[in-house]
Amino acid sequence: MVLSEDASEAFSKAIREISRRIGGEKVLTDPEDLIPYSIDASKRFEGVPWAVVRVNSTEDVSAVLQVADRERIPVIPRGSASCLTGAVVAKRGGIVIDLLPMHRVEVYPEDLVVMAEAGATVQRVDEECRRHGLMFPPDPASSKVATVGGALAENAGGIRGAKYGVMKNWLLALEVVLPGGRVLRVGEPTLKWRWGPDLTGLFVGSEGWLGVITRAWFKVIPVPERVVRVVGVFPDMESAGRAAADIRASGILPLGLEIMNAETLRAVSRATGIDLPREGAMLIADVDGPREAISRLAKAVAECMRRAGGEVTLSDDPEEMERLYLARKMAYASLTRLYRAVEIEDITVPLSRFPEALRRIDELAKRYGLPLPTFGHAGDGNVHPTICYDPDDEDQVERARRLAEEICDVAIELGGAVSGEHGIGIQKTGALRRELRARGAEYYLDLLREIKRVLDPNNIMNPGNFDL
Ligand SMILES: Cc1cc2nc3c(=O)[nH]c(=O)nc-3n(C[C@H](O)[C@H](O)[C@H](O)COP(=O)(O)OP(=O)(O)OC[C@H]3O[C@@H](n4cnc5c(N)ncnc54)[C@H](O)[C@@H]3O)c2cc1C
């Protein structure tokens, strides 16, 4: 076993003890094995851990947290590291707990409940449910890799979020290992339960900062009978945004309502070869439900799009639908192929302010002179302006930094949030502070610090992340 240079005597002892207790084959300490665990999908933040432990049971996690807490060693829970804010890199070294080997999924069709271990991917949970005619609605664009633990710790949303919300909307119960190794069970796998205040919420969005989620129980729903897709092509983002706000305001709950601007469409076309419009903006609305209701809903959606100036097409051809779904899912990946550095933003505004937010983002792009492909979940008022720049050009780096701040300030001014789903991590701590100040909500951070002291008195959980 080769330990990194940072490893202290206490750390070496701790790692030997962990290896003895859970099996040395689960512990990685060779530098070449640690490098792949040093970044996240943003590629903007870095931190090499001192060791990685590939756990495959709650008992393994408990043993690691017992030893790490005693020896005050940082611990970073890790799913697939698809996060975009630096929340999963080992900023201060320590032990990465890799949860991917814990990926059991059990469906209880008669209860409309699914249990998933933390390392199962979100897509797999949905696939297992579909064998029983059921569906697990959350579907981040990264669902093929994003894990249940990571998606809960980030409260991920996704393409079906317009109708079905985010991870927390489906969560029934949790198993979490706390620093020191205690195993906390919160809630029952029933559609309702009351244990006083609902502490599942403490761990939703907690970004590996309070404990390690080891398994979760979710409610699920029957697969909708039919899905119809309505696609609108608009002269600009503001009019596409107006259509989106109108669809929601008219009481229709589309399954998904996704928006992409021309820069995004061109990048996706180039990266994937999918033929897409080169100008204007595109809105993709899916409506789902019983056969009788769908045509009526699709027509109403198309009408909202036409009123806002869109050219509209309708389809329920699975191949065509898959093609556009893939195009939307590929938005971020396409940009990372085309530009040397990208910083994705994640603002959410009230639905009624969505068109204004899009107009102001367009204005910012022109003012700062940087490519700003923009796409996102219009049905939630959540959009991802993505700043593209040359990391070797100091002027561009500085402009990108200021542009990111201004995008967040647009959200704050319009009564929205600086993060809708990607979380805070390293990227967003300053912006979150500004948002809370603007709302007179600074005490929220004080209270979080108190909670952290109770659950993690030695501050071993993901230190340096979410640094309040
Ligand atoms: C191409 C692309 C598309 C994306 N699309 C979306 C989208 O549509 N919607 C969306 O919300 N996000 C999206 N994301 C962001 C990201 O995929 C999600 O946040 C995802 O849920 C993270 O899951 P993960 O398993 O990769 O977690 P990781 O990145 O490994 O970890 C994320 C955070 O969770 C913590 N964590 C991980 N596992 C656990 C655990 N078991 N217990 C406690 N804490 C844990 C980590 O410490 C870290 O703080 C996208 C990312 C990419 C690269």
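Counting of residues starts from 1 at the beginning of each chain's written sequence and follows it residue by residue. In keeping with the model being predicted, local features are shown solely for residues with a pLDDT of at least 70 and side-chain atom pairs are shown and tallied solely at 80 or more, while totals for entire chains, interfaces and linings include all residues. Note that the side-chain values use all heavy atoms of the structure and ignore hydrogens as well as water.

**Q** Requested: an account of the environment of Ala 240, with residues and values cited.
**A** Segments assigned H or I by DSSP are reported as helices when at least four residues long, segments assigned E as strands when at least two residues long, and all are numbered from the N terminus. Along the chain, Ala 240 turns up in helix α8 (residues 237–249). Burial classes follow relative accessibility: with a 1.4 Å probe on protein chains only, a residue under 20% of its type's maximum area counts as buried, one over 50% as exposed, and anything between as partly exposed. Note on Ala 240: relative accessible area 0%, which makes it buried. The contacts of Ala 240, once residues within four sequence positions are left out, are Phe 234, Ile 259, Ala 281 and Leu 283. We call two residues in contact whenever any of their non-hydrogen atoms come within 4.5 Å of each other.

**Q** Hey, could you go over the packing of helix α9 (residues 262–272) against helix α12 (residues 331–338) for me, with residue numbers and the actual values?
**A** For every element, the axis is a line fit to its C-alpha atoms; helices are fit only across the contacting stretch, and the angle between N-to-C directions ranges from 0 to 180 degrees. It is at 8 Å that the axes of α9 and α12 come closest, and there the two elements cross at 75 degrees. The angle between the axes of α9 and α12 places the two elements in the roughly perpendicular class. The residues of α12 that touch α9, namely those facing Thr 264, Ala 267, Val 268, Arg 270, Ala 271 and Thr 272, are Ala 331, Ser 334, Leu 335, Arg 337 and Leu 338. Polar here means any residue other than Ala, Val, Leu, Ile, Met, Phe, Trp, Tyr, Cys and Pro, which are nonpolar, and Asp, Glu, Lys and Arg, which are charged; Gly is therefore polar. The class makeup of the residues in the contact of α9 with α12 is six nonpolar, three polar and two charged. Between 65 and 115 degrees an angle is taken as roughly perpendicular, under 35 as roughly parallel, over 145 as roughly antiparallel, and anywhere else as oblique.

**Q** Break down the site of the ligand for me, with residues and values.
**A** Near is defined per residue: the residue qualifies when any heavy atom it owns lies within 4 Å of the molecule or strand. As a structural note, the neighbourhood of the ligand is formed by 35 residues, with Pro 77, Gly 79, Ser 82, Ser 142 and Thr 147 the closest of them. Between the ligand and Gly 79 there is a distance of 2.8 Å, counted from an oxygen atom to a backbone nitrogen or oxygen. Nitrogen and oxygen atoms within 3.5 Å of one another constitute a polar contact, given that in protein one can donate a hydrogen and the other can accept it, and given that sequence-neighbouring residues count only through two side-chain atoms. One nitrogen or oxygen atom from the main chain of Ile 213 is found 2.9 Å from a nitrogen atom belonging to the ligand. The Shrake-Rupley method, run with a 1.4 Å probe, gives the accessible areas here. Residue values count only the displayed protein chains as cover. Here the ligand loses 95% of its free accessible area of 980 Å² to cover by the protein chains. For the shell around the ligand, the elements supplying multiple residues, two or more each, are β3 (75–78), α5 (148–153) and β10 (212–219). Sorting elements by how many residues they give to the shell around the ligand places α5 first, with four residues.

**Q** Give me the lowdown on the packing of aromatic side chains, citing residues and values where you can.
**A** Aromatic pairs are defined between Phe, Tyr and Trp rings, using the six-membered ring for Trp, whenever the two ring centres lie within 6.5 Å; interplanar angles under 30 degrees are classed as stacked, those over 60 as edge-to-face, and all others as tilted. Per the stated rule, a full pass over the model turns up five aromatic pairs. The interplanar angle of 70 degrees and the centroid separation of 6.0 Å between the aromatic rings of Tyr 164 and Trp 170 together place this pair among those described as edge-to-face. Pair check on accessibility: Tyr 164 and Trp 170 agree, each one buried. The interplanar angle of 65 degrees and the centroid separation of 5.4 Å between the aromatic rings of Trp 193 and Trp 195 together place this pair among those described as edge-to-face. Judged by its relative accessible area of 41%, Trp 195 is partly exposed. One Lys or Arg, Arg 185, reaches over the ring of Trp 217 and ends 4.4 Å from the middle of that ring. Over the aromatic face of Trp 170 sits the side chain of Lys 219, whose NZ or CZ is 5.7 Å from the ring centroid. Two conditions define a charge sitting above a ring: the NZ of Lys or the CZ of Arg must be within 6 Å of the ring centre, and it must be within 35 degrees of the ring normal.

**Q** Any details on the domain arrangement of the protein? Residues and values, ideally.
**A** Per the domain assignment, the segments making up the protein are domain 1 (9–98), domain 2 (105–222) and domain 3 (226–434). For the purposes of this description, domain bounds are those given by an automatic or database domain assignment. Each of domain 2 and domain 3 has a C-alpha centre, and the two are 26 Å apart. On the domain 3 side, the residues contacting the 18 residues of domain 2 number 19 residues. Here the quantity called buried area is the total loss of accessible area, with a 1.4 Å probe, experienced by two parts when brought into contact, counted for both. Buried area between domain 2 and domain 3, summed over both chains or domains, comes out near 1300 Å², and the portion from carbon and sulfur atoms is 49%. Ranking the residues of domain 2 by area buried against domain 3 places Ile 159, Ala 162 and Lys 163 at the top, with a combined share of 46%. Salt-bridge detection follows one rule: a side-chain nitrogen of Lys or Arg within 4 Å of a carboxyl oxygen of Asp or Glu. Taken together, domain 2 and domain 3 are joined by one salt bridge. Among the salt bridges present, the one from Asp 288 reaches Lys 163, with a minimum N-O distance of 2.8 Å.

**Q** Break down the nonpolar core for me, with residues and values.
**A** Residues grouped as a nonpolar core are buried Ala, Val, Leu, Ile, Met, Phe, Trp, Tyr and Cys residues, joined through side-chain atoms within 4.5 Å. Counting 47 residues, the largest nonpolar core has Ile 259, Leu 283, Met 305 and Ile 387 as its most contacted members. Elements supplying a minimum of two residues to this core: β12 (226–234), α8, β13 (256–261), β14 (281–289), α10 (291–307), α13 (354–368), β19 (382–389) and α14 (394–413). In terms of residues, this core owes the most to one element, α13, which gives seven residues. Contact partners of Met 305, with chain neighbours within four places excluded, come to Val 230, Val 231, Gly 232, Phe 234, Ala 243, Ile 247, Leu 283, Ala 285, Gly 310 and Val 312.

**Q** So what about the pattern of salt bridges? Which residues, and what values?
**A** Inspection of every chain in the model, using the stated rule, returns 40 salt bridges. We note a salt bridge from Glu 188 to Arg 185, for which the minimum N-O separation is 3.9 Å. You can call Arg 185 partly exposed: its relative accessible area is 34%. The residue Arg 449 makes a salt bridge to Asp 446 at a minimum N-O spacing of 2.9 Å. Taken together, the positions of Arg 449 and Asp 446, both in helix α16 (residues 443–455) and three residues apart, correspond to about one turn of that helix. We classify Arg 449 as partly exposed; its relative accessible area is 29%. Note on Asp 446: relative accessible area 37%, which makes it partly exposed. Linked by salt bridges that have partners in common, Glu 17, Arg 21, Arg 70 and Glu 71 make up one network.

**Q** So what's going on with the side chain of Glu 17? Residues and values would help.
**A** Following the sequence through the fold, Glu 17 ends up in helix α1 (residues 9–22). A relative accessible area of 15% means that Glu 17 is categorised as buried. The residues touching Glu 17, leaving out its near neighbours within four places in the chain, are Val 67 and Arg 70.

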